[in-house]
Amino acid sequence: MGLFDIFKSAFSNSTNTKKTNYVQPTKSNYIPTYYIEDWQPKLKYPKYDKLFSLQKYLESIDLPQDTITTIIESKNVFGEAKKVITHITEQIPLSEMCYHETIRVGKWIKLMALWESPPEYIFENTFNYILLRLGWMCHWDMLQQKALNISGLNDILDACKHDDYKKIISYFDSDILSCFALSHIKSNKTLSEAVAIGFNYLEMNTKHNGSAHGSFYNLYGKQQIKCLIGKIIESAYIQNKFSSKRLFLKEDDVVRVNTQNLKYDVSKMKTVRGFYLPNIEDVENIKNDVMHLNTFLLKAKMLISSFPAVQINAEDLVFRFGKVLKDESTEFCVFTYTPNTPTGKASKYPLKLGFWCDRTSKERQVKQGRGFSIIPPNGIQGDIEFLANGELGKARVIIVYNGSFYIVNILDKKGEKIITKIESNNNKGERIELYNANRKD
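Residues numbered from 1 in each chain as written. Predicted model: local features only at pLDDT ≥ 70, side-chain atom pairs only at ≥ 80, totals over all residues. Heavy atoms only, no water.

**Q** Looking at this structure, how should I read the overall build of the chain?
**A** When you go through the chain residue by residue, the secondary structure sums to 14 helices and 13 strands. Evaluated residue by residue, the chain yields a buried proportion of 46% over its 441 residues. Counting contacts in the chain only where the partners sit at least 6 residues apart, residues at least 24 apart contribute 64% of the total. Counting every atom, the chain has about 23200 Å² of accessible surface; 48% of that belongs to carbon and sulfur. (Helix = DSSP H or I, 4+ residues; strand = E, 2+ residues; numbered from the N terminus. Buried < 20%, exposed > 50% of the residue type's maximum accessible area, 1.4 Å probe, protein only. Contact = heavy atoms within 4.5 Å. Areas by Shrake-Rupley, 256 points an atom, 1.4 Å probe, with all protein chains shown as cover.)

**Q** How should empty space enclosed by the protein be read in this particular structure?
**A** To find the voids left in a structure, one rolls a probe of water-molecule size over its atoms. A complete count under the given rule lists one cavity of 30 Å³ or more for this structure. Roughly 60 Å³ of volume is contained in the largest cavity. What lines the largest cavity is simply Y45, A113, E116, S117, P119, C179, L182, S183, K186 and F248. In terms of residue class, the lining of the largest cavity is built from six nonpolar, two polar and two charged. (1 Å grid on protein atoms, 1.4 Å probe; cavity = no way out; pocket = protein on both sides within 12 Å on 5 of 7 lines; lining within 4 Å. Points joined across faces, edges and corners; volume = space filled by probe spheres on them. Nonpolar A, V, L, I, M, F, W, Y, C, P; charged D, E, K, R; others polar.)

**Q** Looking at this model, I keep getting lost on helix α5 (residues 97-114). Mind explaining?
**A** In an α-helix there are 3.6 residues to a turn, and that puts residues three or four apart on one side. Under the 1.5 Å per step criterion, the end-to-end length of α5 is 26 Å for 18 residues, consistent within 8% with the ideal 26 Å. At the exit of α5 stands E116, carrying a positive phi of roughly 55°. (Expected span 1.5 Å × (residues − 1).)

**Q** Got a minute to help me understand helix α12 (residues 222-239) in this structure?
**A** Taking 1.5 Å as the rise per residue, α12 with 18 residues should run 26 Å; its terminal C-alpha atoms sit 26 Å apart, in good agreement. Across the 18 residues that make up α12, a large majority, 13, are buried. Two residues or fewer past α12, N240 is found with a positive phi of approximately 55°.

**Q** Help me understand a nonpolar patch on the surface, please; the structure alone is not making it clear to me.
**A** Taken together, the side chains of Y99, I103 and W136 present a nonpolar region at the surface, about 250 Å² in accessible area. Relative to the helices and strands, Y99 is located in helix α5. A relative accessible area of 35% places Y99 in the partly exposed class. (Patch = residues over 30% accessible without salt bridge, like charges linked within 9 Å, V, L, I, M, F, W, Y side chains within 5 Å. Salt bridge = Lys/Arg side-chain N within 4 Å of Asp/Glu carboxyl O.)

**Q** I keep staring at the packing of helix α2 (residues 50-60) against helix α3 (residues 65-72) and nothing clicks. Help me out?
**A** In a packed pair of helices, the relevant descriptors are the angle between the two axes and the axis-to-axis distance. Two elements in contact, α2 and α3, have axes whose closest approach is 10 Å; the angle formed by their N-to-C orientations is 155°. Accordingly, the angle class assigned to the pair α2 and α3 is roughly antiparallel. α2 and α3 meet at a crossing whose hand is right-handed. Of the residues in α3, those touching α2 at L51, L54, Q55, L58 and E59 are Q65, I68, I71 and I72. When grouped by side-chain class, the residues that make up the contact of α2 with α3 number six nonpolar, two polar and one charged. (Axes fitted to C-alpha atoms, helices over the stretch in contact; angles between N-to-C directions. Parallel < 35°, antiparallel > 145°, perpendicular 65-115°, else oblique. Left-handed = near helix turned anticlockwise from the far one by under 90°.)

**Q** Even after reading the chapter, I still don't get the environment of K301, so can you show me in this structure?
**A** Along the chain, K301 falls in helix α14 (residues 294-303). A distance of 2.8 Å separates a polar atom in the side chain of K301 from the backbone oxygen of F307. (Polar contact = N/O pair within 3.5 Å; in protein donor to acceptor, adjacent residues only side chain to side chain.)

**Q** How should the environment of K226 be read in this particular structure?
**A** Tracing the backbone shows K226 in helix α12. Along the chain, K226 and I31 lie 195 residues apart, while their C-alpha atoms are 9.1 Å from each other. In this structure K226 touches Y34, F199, E203 and Y217, once residues within four positions along its chain are discounted.

**Q** I'm lost on the pattern of salt bridges in this one. Help?
**A** If the charged atoms of two oppositely charged side chains come close together, the side chains can form a pair. In total, this model carries 17 salt bridges according to the counting rule given. Salt-bridge contacts for E203 lead to K222; the nearest nitrogen and oxygen are separated by 3.1 Å. In this pair, E203 is assigned in helix α10 (residues 191-205) and K222 in helix α12, connecting sequence segments 19 residues apart. The class of E203 is partly exposed, set by a relative accessible area of 29%. In this structure, K287 engages E315 in a salt bridge whose closest nitrogen and oxygen atoms are separated by 3.7 Å. Of this pair, K287 sits in helix α13 (residues 283-291) while E315 sits in the loop between α14 and β5 (334-337), placing them 28 residues apart in sequence. We classify K287 as buried; its relative accessible area is 15%.

**Q** Would you mind going over unusual backbone geometry with me for this structure?
**A** Positive phi is not limited to glycine here, since Q145 has a value of about 55°. Its location among the elements puts Q145 in the loop between β1 (140-141) and β2 (146-147). Note on Q145: relative accessible area 43%, which makes it partly exposed. Of note, the phi angle at K414 is positive, near 55°, even though the residue is not glycine. When you line up the elements, K414 lands in the loop between β11 (404-413) and β12 (416-425). For K414, a relative accessible area of 90% gives the class exposed.

So, to be careful, I would describe these as geometric facts and stop short of saying anything about function.
The structure is reproduced here in structure tokens:
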């Protein structure tokens, strides 16, 4: 869920304990038509460093560094990586099974592609991934055997109706679709043959309703889902935006950034779930960097009269230096270090500070019609992205204030730090622009 979705959910008039009157959405009965020619992707099978690419991929999914080291140094690298990626450590509610299986199968596909597994496995699992992703979109509940979000597929079905290929594939991980295309090249099969393998896999592995994909495929509307999957493959090949640059890397192509040249040296910090916890000696500098953002909050008030008169209090910043629980929310200051872009180029903003301030009020409920609306607690959070020279490159301040949110976006433009955009929400919970530096009124 993205930032706006979180706020929209929090500020919408959805009920918490009682039902409200609303129009029940209806499932679309539209069945897409699709057409598969024997197209070839505009893509070359890459030359890459297998172990290096795997290591970078494992880092990208926020595995602990000691786990990655254990995998890379093991005698059976592929087997160890598979064990970590596919192992489920917690009981998953049946209503969320499609979501968790989509994530798991997606990781598995990328691992198989990097380790040059047979193309047929990629074809089969890509179709399974697409099926599960569709189930996730409509929130398929295995236990109740129904979609909890009945209209969840209406947008993509509408895109199919209008041949909006770009929108159709926007719902799916482009790297997974690229893995499918690369396996198509490697297999020397026609696209029709690859698609047939995918559909045959679904037919053979959905005979029972005891799995997320089997339950959804058989009970939601098999013909509609099958044609939708075909349309997705057609759209991917017509768009032909496949890329191997994000997953398949050569070590020599990656530009490295010396952490000691950064404003904050992450090499000396403790890592937690892919984040870096600031050291005690970093606290004062972090407070100074965050407090500097108050200048822009004052400017935002001058630009927008309705903007709240709030300031960041240095003493409200939350720091953690000890143990962090596995499932604990990241409601404290952390650094993220990404020295390279997905294609291996030097990142413009290699270091990001995510900051969090203590909430100054408590979450509460207010009566809304026959139900309740949640008012989230007041507070400030945000992030600062630093240039390689340690200067502020861009920043974002998120303010929750009396049931509304405000987002101030700041950018370095040729050495000058300016507010580029101010956003808020209206009384329907919809995101709106209050100010845009590029807008000509």
